[in-house]
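Working through the structure, step by step
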Amino acid sequence: MSTTVSTDEPEDFSGSETESSPGPVLSRGPLTSRSFLSLLAVQFLTVLNDNTFRWLVVPLAKPDLGPAAALSLGLAGFTLPFIVLATPAGYLADRFSKTHVIRVCKVAEIIIMLLGIIAILSQQISLLFGVVVMTGMMAALFSPSKSGSIPEQVDESQLSQANGLMGLMTVVPAAFGFLLGNLLASHAQPTPIDAVTVGSLLPAAATILAIAVIGWLASLWISVAPPADSSRKIPWNPFAETLSSLKILTSDRPLLRAALGIAFFWILASLAQMNVDQLGQQELKMPPHRIGILGMMLVLGVGGGSVLAGRWSGGHVELGIVPLGALGVVVWSMLLCLSGWWAHTSADYAFYAACVSLCFLGASAGLFDVPLEAYLQQRSEPRQLGQVLSATNFLAFSGIMVISGAYYWMIDIQKLSPSFVFLLAGLGTIPVAIYIILLLPGATIRFTVWLASHTIYRVRVLGLENIPRRGPALLTPNHVTFIDGILLMINLPRPTRFIVYADFVNNPRLNWLARMYEVIPIKADGGPKSLIQSLKVARDALQQGSLVCIFPEGQLTRTGQIQPFAPGMLKILQGTGAPVIPVYLHGLWGSIF
């Protein structure tokens, strides 16, 4: 069945003018604009070089430090600057144009890569990891400006898709960097007893320098937006400023929950990236190139899940995707554990099962993260976005530091198997998934129904740009079937309060849903007092800035044609200044509903 939902431009039937909010100061473009594509390219090249250098250094350090210690130290060295520099990074992103900060970071990357080449030739482990820390410093200062640039470059309706693409540009180069870094390391030092020479290091040096220079050139194509808060003072006390940024998060509970969810994603991502290497070595007994395939399956899954989350969001921030991602992490982590346990019976079967599990685990993680990233950017005040992002980074990378130490303790001290670590990750995600479902029952049900309906039916939605992103509006659709309200609820970009026949609302089987979605009951034959009360509740909802939907015909059409409107619609609009947005449902007449 093909169904079309279309909305027309709003009309003012209330007799009063609607106060319009001021237009955006920034000139935002589509996802295909040169500026946003350049931002994506810069992100791709930055992550590629960070991971290429990191995985170039870690294999060279494994013979001296041991595999688990080298992995943990490499992660900790890259992560520590995100904690220490969280406040300065947020300050730079708010005080100066984010584009200028990005360009300076790209120049710094070129210098750091030159120092990295010198450190490798010196074969001093401490100096090598010192340069890893410097790459982490550059990435820490770069991150809030990069993330904060997204809402400056694209329209709010494309925020989820933009974050999905940015997620893709984060994980795909991480996979290529993992492979490229190990490949360059094997060329620079084929065996642990070989010395690193200028000749053997030349391909690695040329590669990382070329990536850094090309990234800087790409940054020159990003459009320059004005500073978010040019009056912000230098944070001379970074600890106090970090506390101040964290207070911004804690003062807004939904914002804090989103930040904690993002931190949880990065903790799991870091744990999985470290553990894949050990899973391939210890249990699957795979050569390095096959371990690289395992890592690539994980990050490609994250990229695919990120893009899918942007597409499923449908022009708005869809938090209902998050529970699906959390449940996927639980299931695929446990199945990945089984792959490791079966390695001793059939190594090839275990390898292919691990590839599939890692891909779907990554996809689930992408579905979990992207809506939270978009929500964080949408809900934050523009002047405080840098602080919010730096506080989020502080939480995320503090968690990564803890998990890097915990991983060393689990693998080297407690001698746990990598499979069991994945099992612990899955079990640890169960309470998170339950909490999210209990926290967002309405969004979870809404998205589940949306996914099922779009799987069975072909639904087209036209004119969503006519629905205001904020502020009140009254939707007036035609009434064709019993599922009209459900179709509207799952396809509208904002929570909407529906005016529904009171007998349905009071039904014990449906009453809990009515309370969850704040349905407004109405009954024409319930007496004047009851009717006036229902209309007053709807009018109050408009005055509070809500989206309200009423079927003005008052009943299902018997002919397929629009019936005369009941007068209640005008009573709701009186004194609200809210626009009326006509909605037409097409293709439902004659269906089983």
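Bear in mind the structure is a predicted one, so any value in this text is a computation, not a measurement.

**Considering the nonpolar core**
In this structure, Phe36 and Phe53 are the most contacted members of the largest nonpolar core, which totals 58 residues. When residues no more than four places from it in sequence are discounted, the contact partners of Phe36 are Pro30, Leu31, Gln153, Val154, Ala162, Leu165 and Met166.

**Comments concerning the side chain of Gln43**
The topology assignment puts Gln43 in helix H1 (residues 34–65). Discounting residues that sit within four places of it in the chain, Gln43 has contacts with Phe142, Lys146, Met166, Met169 and Thr170.

**Quick look at empty space enclosed by the protein**
One pass over the full model with this rule turns up 3 cavities of 30 Å³ or more. In this structure, the second largest cavity occupies an estimated 40 Å³ of space. At the level of secondary structure, the elements contributing two or more residues to the lining of the second largest cavity comprise helix H9 (253–283), helix H11 (321–341) and helix H12 (347–379). Tallying contributions element by element places H9 first for the lining of the second largest cavity, with 3 residues. Split by residue class, the lining of the second largest cavity holds 7 nonpolar, 1 polar and no charged.

**A closer look at unusual backbone geometry**
Positive phi is not limited to glycine here, since Lys415 has a value of about 60 degrees. Non-glycine residue Glu518 carries a positive phi angle of around 55 degrees. Tracing the backbone through its elements, the reader meets Glu518 in the loop between helix H18 (511–516) and strand E5 (520–522).

**Thoughts on the environment of Ala140**
Along the chain, Ala140 turns up in helix H5 (residues 125–153). On the basis of relative accessibility, which here comes to 3%, the residue Ala140 falls in the buried class. Each C-alpha atom of the pair Ala140 and Cys105 lies 9.7 Å from the other, and the pair is 35 residues apart in sequence. Every residue in contact with Ala140, bar those within four places of it in the chain, is listed here: Pro81, Phe82, Leu85 and Ala89.

**Digging into the packing of aromatic side chains**
Evaluation of the coordinates by the stated rule reveals 8 aromatic pairs. Between Phe82 and Phe397, the ring centres sit 3.8 Å apart and the planes meet at 15 degrees, which makes this aromatic pair stacked. On the criterion of sequence distance, the pair formed by Phe82 in helix H2 (residues 67–84) and Phe397 in helix H13 (residues 385–413) is long-range, its members being 315 residues apart. Phe397 shares its class with Phe82; the two are buried. Ring centres 5.7 Å apart and planes at 15 degrees place the aromatic pair Phe447 and Trp450 in the stacked group. Highlighted residues: Phe447 and Trp450, both in helix H15 (residues 441–456), separated by 3 residues, approximately one helical turn. Per residue, the accessibility class of Phe447 equals that of Trp450, and both read buried. An aromatic cluster of at least three residues, connected via ring pairs, comprises Trp312, Phe447 and Trp450. Its guanidinium or amino end placed over the ring of Phe96, Arg95 lies 4.9 Å from that ring's centre, counting from NZ or CZ.

**With respect to the pattern of salt bridges**
This structure, assessed with the given rule, holds 6 salt bridges. Here Glu318 makes a salt bridge to Arg446, at a shortest N to O gap of 2.2 Å. Here Glu318, found in the loop between helix H10 (288–313) and H11, pairs with Arg446, found in helix H15; they are 128 residues apart in sequence, far enough to count as distant. For Glu318, a relative accessible area of 6% corresponds to the buried category. Overall, the relative accessible area of 12% leaves Arg446 in the buried class.

**Comments concerning the layout of surface pockets**
In this structure, the second largest pocket encloses a volume near 1,200 Å³. Ile499, Val500, Tyr501, Phe504 and Phe551 are, among the 37 residues lining the second largest pocket, the residues nearest its centre. Of all the secondary-structure elements, those providing two or more residues to the lining of the second largest pocket are H15, helix H16 (484–491), strand E4 (496–501), helix H17 (502–505), H18, helix H19 (528–543) and helix H20 (568–573). Class assignment for the residues of the lining of the second largest pocket results in 27 nonpolar, 6 polar and 4 charged.

**Structural notes on the confidence of the model for the protein chain**
Chain-level pLDDT for the protein chain is 82 on average; 90% of the residues reach the 70-or-more range. Confidence scores differ between elements of the protein chain, with strand E1 (residues 2–7) showing the lowest mean pLDDT of 54 and helix H14 (residues 418–439) the highest of 92. Taken as a whole, residues 11–25 scores under 50 in pLDDT and shows 17 contacts with residues more than four places along the chain or in a different chain.

**Considering the side chain of Ser364**
Along the chain, Ser364 falls in helix H12. The class for Ser364 is buried, based on a relative accessible area of 7%. Of the polar contacts made by the side chain of Ser364, one reaches the backbone oxygen of Phe360; its length is 2.9 Å. With residues up to four places along the chain from it excluded, the contact list for Ser364 reads Gly325, Gly328, Val329 and Trp332.

The rules behind the values
Residues numbered from 1 in each chain as written. Predicted model: local features only at pLDDT ≥ 70, side-chain atom pairs only at ≥ 80, totals over all residues. Heavy atoms only, no water. Core = buried A, V, L, I, M, F, W, Y, C linked by side-chain atoms within 4.5 Å. Buried < 20%, exposed > 50% of the residue type's maximum accessible area, 1.4 Å probe, protein only. Contact = heavy atoms within 4.5 Å. Helix = DSSP H or I, 4+ residues; strand = E, 2+ residues; numbered from the N terminus. 1 Å grid on protein atoms, 1.4 Å probe; cavity = no way out; pocket = protein on both sides within 12 Å on 5 of 7 lines; lining within 4 Å. Points joined across faces, edges and corners; volume = space filled by probe spheres on them. Nonpolar A, V, L, I, M, F, W, Y, C, P; charged D, E, K, R; others polar. Phe/Tyr/Trp six-rings, centres within 6.5 Å; stacked < 30°, edge-to-face > 60°. Lys NZ or Arg CZ within 6 Å of the ring centre and 35° of its normal. Salt bridge = Lys/Arg side-chain N within 4 Å of Asp/Glu carboxyl O. pLDDT = per-residue confidence, 0-100. Polar contact = N/O pair within 3.5 Å; in protein donor to acceptor, adjacent residues only side chain to side chain.

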